[in-house]
Structures are given as structure tokens and as C-alpha cells.
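Take a look at the letters that make up each chain.
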Amino acid sequence: MTNRLDNINHLDALVHKLPGMAYRGIYAPQRPIEFASAGCQQLSGYPRSDFEDQRIFWADLIHPDDRDDAWRIVSAAVNTDKEFKAEYRIVTQGGGERWVWDRGRAVFSAGSDMIHLEGLLSDITERKQTESELYETRAFSEAVVDTAAEAVITINVDGCIETFNRAAQFMFGYSLDELRGKNIKVLMPEPDHTGHDEYLKRYVQTDEARIIGTGREVLARRKDGSVFPIHLSVSEVQSHLGRRFVGLIRDISLQREAETTARHHLEELAHVDRLNMLGEMAAGIAHEINQPLTAISLFSQAGKRLLHGGDVDRLPDIFDKLSQHALRAGDIIERMQSMARHSESARESADCNVLIEQVAKLAETEARLRDISIEVKAGPELPSVVVDTVQIQQVVLNLLRNGMEAMQSIDCRYGNVITVETKLRDDCEIEVVVVDSGCGVTEAVAEKIFTPFSTTKDTGMGMGLSLSRNIIIAHGGQLAFHNNRSGGATFYFTLPVEK
Ligand code: ADP
């Protein structure tokens, strides 16, 4: 007997120590309580005796708005002999409001119709508060994301779209329902469309970031198939739901359009500039063209005289000379035309090392014929440049030709190697350097070396360096030269690296 009492006391002590309030009551809408544990006072503010002596019923404490629901849950569980779990508010003795979690079940006693309820009430006010705060924060961030001007898209580690805000729907022309669960690659044109799964897999496996954490300009594809430029920045989010990626997208088509218009405008200006330059050069051209024309006239008269004198043997020679000078005049005119032609500069991202390799190949035969070898020294890991490849190749070719001619003019006395080298300078420009071992540039020539038609060569036109310098300046670079101590000259130009 003592043992049983001990057990009961022990159980009672345990129940009293439970957080919240353990109870036994009668199954009735008023929820009368026959026994309440000591936690009752803390939870409700009323001493448990108030309930046990039926001065107050549990239902009296339940918030009027929650009372019916709470009873519905309890009675539904009792009717099906299941455990009930209900969350509702109570009004405590001090008038305060608390959230409780009421869980328990019905106890049927033999020989009695009365059904009892046994259960435990816990105070969940704090949890509810956190929940509602979280809900509010979430609703707030969703509202922010949804009204953001930028497109916000979340994907999971498999690349499947989870969220797609309103701006994204507007930008891409898809609704969220059309895209939820679909692979993000539907929004990408080739080659990213095919490559994206692989990029993502590699990142997830190796954490080797290419785009994550940084922003980049890429192309995107709308629902109607049209492709447009965007600025994309991606960040990674870790949560209990796993790893996810959030992409922030800005449509930059308008910006690009404005840039293109500005570029067209500049090209227009460059064209006008070239025409002005042509005007200035007209006098020089007239002078230049006069030379072959005078020669043609002189040779024609000489031919006529020879014919009259019956000296026909020298006539073929005269005709050869005539043809040579006529071709030269033609050459000058063609150069002039090509300068005046309104050809748009086609700029593209290029690797200077590839570019100089190509030019070295182009000049190879010419070099071999002159018994000169071209050495290419490609600088390591050069950033790319944005250039009109053909124009820059023309410049390099021109520098190589000049150098080789200068070397040949002194029979390659100082050696027969001409080098073309690329270097990165101050991380912001690439320098292309052509070093020859020729005659060097005399002071007199140096003074007007970039002036059109200044040449020291019999067959030269003196246009190469002036055109080359204009091309380099139009690309935002500089073209200059100096004589080498060991003989020969070094011509070099810079190009800004691609931003
Ligand atoms: P062209 O080659 O038709 O003469 P350029 O404008 O290319 O026209 O060159 C102008 C002049 O500059 C050349 O005639 C030559 O006297 C001088 N020059 C150019 N490059 C070199 C060089 N590498 N070494 C010495 N002189 C040079």
C-alpha cells in the first residue's frame, strides 16, 4: 500500500514538474476540469483549485473566436476515438492573451456514460509569435521581390525553376505556372542552353565558381524566341530546404541599343574625319599622281620619237615603263578609294596572340624570299581586346613589311630576324612590338614619318604609317617608335584590354 502511495506521489510530482498543464476533465462543451497540475497557475493565472472546484470552466478561458473551433476538433477526435490536437488562444486571469497547444484524448470508464478528457496544455505563445513574424518577413520579402524592377529567379541544384517574380514574367513573357519546375535553360540561347546543366553540375560538385558571386553580361531568350542581352548576377542560398541559386537579372537591351547608336554616330564622325583628311591630302595626292602621269607623258613622247626614227627595238621597254607608271597611278587611286569607302568597322573580341600568329603566317613567304625569319613572342595569359581584326592585322603587316624592307636595305647586316611580340602593360593595355634590325629611322625621316606620302622608298607610297596610326588611335591606342641601340628600329602600338 505504502508502495502504491509512493508511486502515486512520485507520478504527481512528475506531472507537476511538466511544462504546461496536465489535466483531467469531463467531455462537455464547457470543458470542466477535475484535476489540473501545478502549471495551471502559470499558464492561466488562476489557481488550479478554481477549476477543480468548478468555479471556472476551461472553455471560459478560450478566446471567444476560437472556442467553437477548439470544441469541434476535440469532439471530432472523441467521436473517432483519436487523439486531439488543437491550437487556440486563451485569455488569462490578468486579461492577457496566450496561445496554447491542447493535446489529449478521451477516456471511457466502464459502467459510466461519462466521458473524460485527459491531456496536456502547453504555452506556445512564443512559437506563434515567431511564426507570425516569419510569416510577415516572408510576406514582406515576397512583396519586395515581386515588386522589384529586376527579374528574380530561384532555381534548385538541378536547375529547376522554383520562383519567378513578376518582373521576370514580364521580361521573359512566361507565367510562373508555365515555368515552375522547368529547367532554367529554357531561358537561354545556345551555347548556354546546352551547356548549363554541365556548368551547374560542375559547380555543385567542385564549388568552382564561374558566375556565382559575380555579375556578367550574357544573352537570354524570351518565350517568343527572341534573344536579348542581360546583366546576370547569381548568389547561392543555403537553407534547411537545401542549396538554391538566386539569379538577379537586368534587361540591358536599351543600354546596348544606345551604345550601338553612339557607335554608329562615332563611325559617322570617323567617316567625316576621313573625308576631311582626304581633302587635306588631295594636294599631296595630286602631287603624287602627277609623277606617274608626267612619266607616262614623257615615255609616250619618247615612244613616238622612236617610232618616227624607225627605232622599234626599244619600244617594248617603253611600253613596259608606261604600263608600270599607269599601274602605280591606279594604285594610288585605289588606296584613296578604300579610305573614302564608308565601310563600318566590325569590332569583335580578339586575342592579340592569335592575331599576330595569323599575320606572321601571312608574311612568311615574303620573309622567306627576303631571307628573313619572323619570330613570334606571345605574352602569357593576355586579356582579350575589342578590335577590327582586319585593320589591326593590316597595321602589324605594315610594320613587319617596313621592318623587313629596312633590314633588306642594309643587306641584313645586323641580323636577319624580325620579332613581333605581345605584352600586357599595367593590366589595362596590350602592347604589340615589332623589333627589326634594319637601317633605323633617320632624324629627317622621323620628323614626318606619320605624315601621308612621306616615303624614302622608290616604290613607296608613304601612306602605311599614317593609316596605321589612324587605325590605332581609332581603337583607343597609340603607335610610336624608337631606334634600337644595337641597330634597327622598334615600332610598337597599344590597345586597351576588353572591359
Ligand atoms: P612606305 O612604306 O610606303 O614608305 P610608311 O608610311 O609605311 O610608307 O613609311 C614611311 C617611311 O618611314 C618609310 O619610307 C621609311 O623611310 C620609314 N620607315 C618606316 N618603317 C621603318 C623601319 N622599320 N625602319 C626604318 N625606316 C622606316
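For the structure itself, look to the data block above.
Basis of the calculations
- Residues numbered from 1 in each chain as written.
- Predicted model: local features only at pLDDT ≥ 70, side-chain atom pairs only at ≥ 80, totals over all residues.
- Heavy atoms only, no water.
- Buried < 20%, exposed > 50% of the residue type's maximum accessible area, 1.4 Å probe, protein only.
- Helix = DSSP H or I, 4+ residues; strand = E, 2+ residues; numbered from the N terminus.
- Pairing = 2+ DSSP bridges.
- Contact = heavy atoms within 4.5 Å.

Participant: Can you tell me about the pairing of strand E17 (residues 489–496), naming the residues and giving the values?
Facilitator: The buried count for E17 comes to six of eight residues, which makes it a mostly enclosed element. With seven bridges joining them, strand E15 (residues 429–435) and E17 adopt antiparallel strand pairing. Each residue of the ladder has a partner; that of Val 434, found in E17, is Phe 491. Summarising the sheet, strand E16 (residues 479–483) and E17 pair through five bridges and their orientation is antiparallel. By the bridge assignment for E17, Leu 479 is matched with Phe 493. Counted between consecutive antiparallel strands, the loop separating E16 from E17 contains five residues, among which Gly 487 sits at a positive phi close to 100°.

Participant: I'd like to hear about the environment of Val 204, residue by residue, with values.
Facilitator: With respect to the element layout, Val 204 can be found in helix H9 (residues 192–206). Look at Val 204 and you get partly exposed, because its relative accessible area is 28%. Sequence separation between Val 204 and Arg 243 is 39 residues, and the spatial gap between their C-alpha atoms is 9.1 Å. In contact with Val 204, not counting residues within four places along its chain, are Val 157, Arg 243 and Phe 245.

Participant: Can you break down unusual backbone geometry residue by residue, with the values?
Facilitator: For the bond from Glu 190 to Pro 191, the omega torsion is 5°, close enough to zero to count as cis. Assignment of secondary structure puts Pro 191 in the loop between helix H8 (176–179) and H9. In this model, Glu 381 sits at a positive phi of 40°, which is unusual for a non-glycine residue. The topology assignment puts Glu 381 in the loop between strand E12 (373–377) and strand E13 (385–387). The backbone of Asp 426 shows a phi angle near 55°, a positive value even though the residue is not glycine. Topologically, Asp 426 is positioned in the loop between strand E14 (417–425) and E15. In this structure Asp 426 comes out as exposed when scored by relative accessible area, which is 66%.

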